[in-house]
Amino acid sequence: MNSPTDSGGSQPGSQPGNQPGRQPGDPAAKKSAQLTHTLFRLFVVAVLASFLVFQLDVSYLWLTALLTAGAIALGIVLLIRAVKYKESRLVLFGTISGLIVSGVMLLVILASTLFFTQIRDYQHCVRQALTEESTSACRTQLQNSMPTQFR
């Protein structure tokens, strides 16, 4: 039987996956938590940026796809770190929520890629529309330009 001061083997009360000697006050644990929080901030910025860039113009679809791919990659890394190092529930919940938003953005990007020319023409038409009637005409033009199975 090992005493609590033995360094060989697992100590009573130690968490599986934690390295021996990593206590919450340990500098390595603080550095790890700091890195996770920095990655989380970058993840939130990437998710929000991909959404906002998509709102600008469909011509920036490539940038939206790049930001979404980066957000998904960061989200997976954060999910692994949050589980492995037992980070706060806020980081875990925020990461899962951000990954869901990134998944929806991925579907939006795929749909926008499929109907790129129609969406580009609609955005151009709406930018020049000054009245509600001309905006309605743009929507009608978009509906008529869509393939029949999507009307």
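Residues numbered from 1 in each chain as written. Predicted model: local features only at pLDDT ≥ 70, side-chain atom pairs only at ≥ 80, totals over all residues. Heavy atoms only, no water.

### Examining a nonpolar patch on the surface
As a reminder of what qualifies: Grouping into patches uses exposed residues only, defined as over 30% relative accessible area, and leaves out salt-bridged ones; the cut-off is 9 Å for like charges and 5 Å for nonpolar side chains (Val, Leu, Ile, Met, Phe, Trp, Tyr). Every accessible area reported is derived by Shrake-Rupley at a probe size of 1.4 Å, with residue values counting cover from the shown protein chains alone. One side-chain nitrogen of Lys or Arg within 4 Å of one carboxyl oxygen of Asp or Glu is enough to make a salt bridge. Starting at the N terminus, helices and strands are each numbered in turn, a helix being any DSSP run of H or I of at least four residues and a strand any DSSP run of E of at least two. Each residue gets one of three labels from its accessible area relative to the maximum for its type: buried under 20%, exposed over 50%, partly exposed in between, using a 1.4 Å probe on protein chains only.
Among the surface-exposed residues, Val 44, Leu 48, Phe 51 and Leu 52 lie close enough to one another that they form a single nonpolar patch of about 360 Å² accessible area. With respect to the helices and strands, the residue Phe 51 is situated in helix 1 (residues 27-56). For Phe 51, a relative accessible area of 42% puts it in the partly exposed group.

### Focus: the state of the cysteines
Here, disulfide denotes a covalent bond that connects the sulfur atoms of two cysteines. Defined as follows: Note on disulfides: each one is a pair of cysteine sulfur atoms within 2.5 Å.
One pass over the full model with this rule turns up one disulfide. For Cys 125, the disulfide goes to Cys 138, at an S-S distance of 1.9 Å. Given an S-S torsion of about -80°, the disulfide between Cys 125 and Cys 138 has left-handed geometry. You can see Cys 125 sitting in helix 4 (residues 116-128) and its partner Cys 138 sitting in helix 5 (residues 132-145), a full 13 residues away along the chain. Look at Cys 125 and you get buried, because its relative accessible area is 18%.

### Section: helix 3 (residues 89-114)
Definition in use: For a helix, the expected span equals 1.5 Å multiplied by the residue count minus one. Any two residues whose heavy atoms approach within 4.5 Å are treated as being in contact.
Here helix 3 is 26 residues long and its end C-alpha atoms lie 38 Å apart, about the 38 Å a rise of 1.5 Å per residue gives. Buried within helix 3 are the following residues: Val 91, Gly 94, Thr 95, Gly 98, Ser 102, Met 105, Ile 109 and Ser 112. Where the residues of helix 3 are buried, they touch helix 1, helix 2 (61-84) and helix 4.

### So, the packing of helix 2 against helix 3
The criterion, for reference: Axes here refer to lines fitted to C-alpha atoms; in helices the fit is confined to the stretch in contact. Angles between the N-to-C directions go from 0 to 180 degrees. Throughout this description, any angle smaller than 35 degrees is read as roughly parallel, any larger than 145 degrees as roughly antiparallel, any in the 65 to 115 degree range as roughly perpendicular, and the remainder as oblique. Crossing handedness: left-handed means the near helix sits turned counterclockwise from the far one by under a right angle, and right-handed means the same turn made clockwise. Following the grouping adopted for this structure description, the nonpolar residues are Ala, Val, Leu, Ile, Met, Phe, Trp, Tyr, Cys and Pro, the charged ones are Asp, Glu, Lys and Arg, and the polar ones are all others, Gly among them.
Here helix 2 crosses helix 3 at 155°, and the two axes come no closer than 9 Å. Relative to helix 3, the element helix 2 is oriented roughly antiparallel. Crossing angle aside, the handedness with which helix 2 passes helix 3 is left-handed. Counting all contacts with helix 2, which are made through Leu 61, Thr 64, Ala 65, Thr 68, Ala 71, Ile 72, Gly 75, Ile 76, Leu 78, Leu 79, Ala 82 and Val 83, the residues of helix 3 involved are Val 91, Leu 92, Thr 95, Ile 96, Leu 99, Ser 102, Met 105, Leu 106, Ile 109, Ser 112 and Thr 113. Each residue belonging to the contact of helix 2 with helix 3 can be placed in one class, and the counts come to 16 nonpolar, seven polar and no charged.

### A short note on the pattern of salt bridges
Inspection of the entire model under this criterion finds three salt bridges. Across the salt bridge formed by Arg 120 and Asp 121, the nearest N and O atoms sit 3.9 Å from each other. Judged by relative accessible area, which is 35%, Arg 120 ranks as partly exposed. Residue Asp 121 is classed as partly exposed on the basis of its relative accessible area of 39%.

### Let's talk about the environment of Met 146
Take Met 146: it is sitting in the segment after helix 5. Met 146 sits in the buried class, given a relative accessible area of 17%.

### Focus on the packing of helix 1 against helix 3
Helix 3 packs onto helix 1 with a crossing angle of 30° between their chain directions and a minimal axis gap of 10 Å. Judged on the interaxial angle alone, helix 3 and helix 1 are roughly parallel. Relative to helix 3, the crossing made by helix 1 is left-handed. For the pair helix 1 and helix 3, the contacting residues are Thr 36, His 37, Phe 40, Phe 43, Val 47, Ser 50, Phe 51 and Phe 54 in the first and Leu 90, Val 91, Gly 94, Thr 95, Gly 98, Leu 99, Val 101, Ser 102, Met 105, Val 108 and Ser 112 in the second. Counted by class, the contact of helix 1 with helix 3 contains eleven nonpolar, eight polar and no charged residues.

### A word on the confidence of the model for the protein chain
As a reminder, the rule being used: pLDDT: the predictor's confidence for each residue, scored from 0 to 100.
Of the residues in the protein chain, 82% reach a pLDDT of 70 or more, and the chain-wide mean stands at 83. Predicted confidence for residues 3-22 stays below pLDDT 50, and this span has nine contacts to residues more than four positions away or in other chains.

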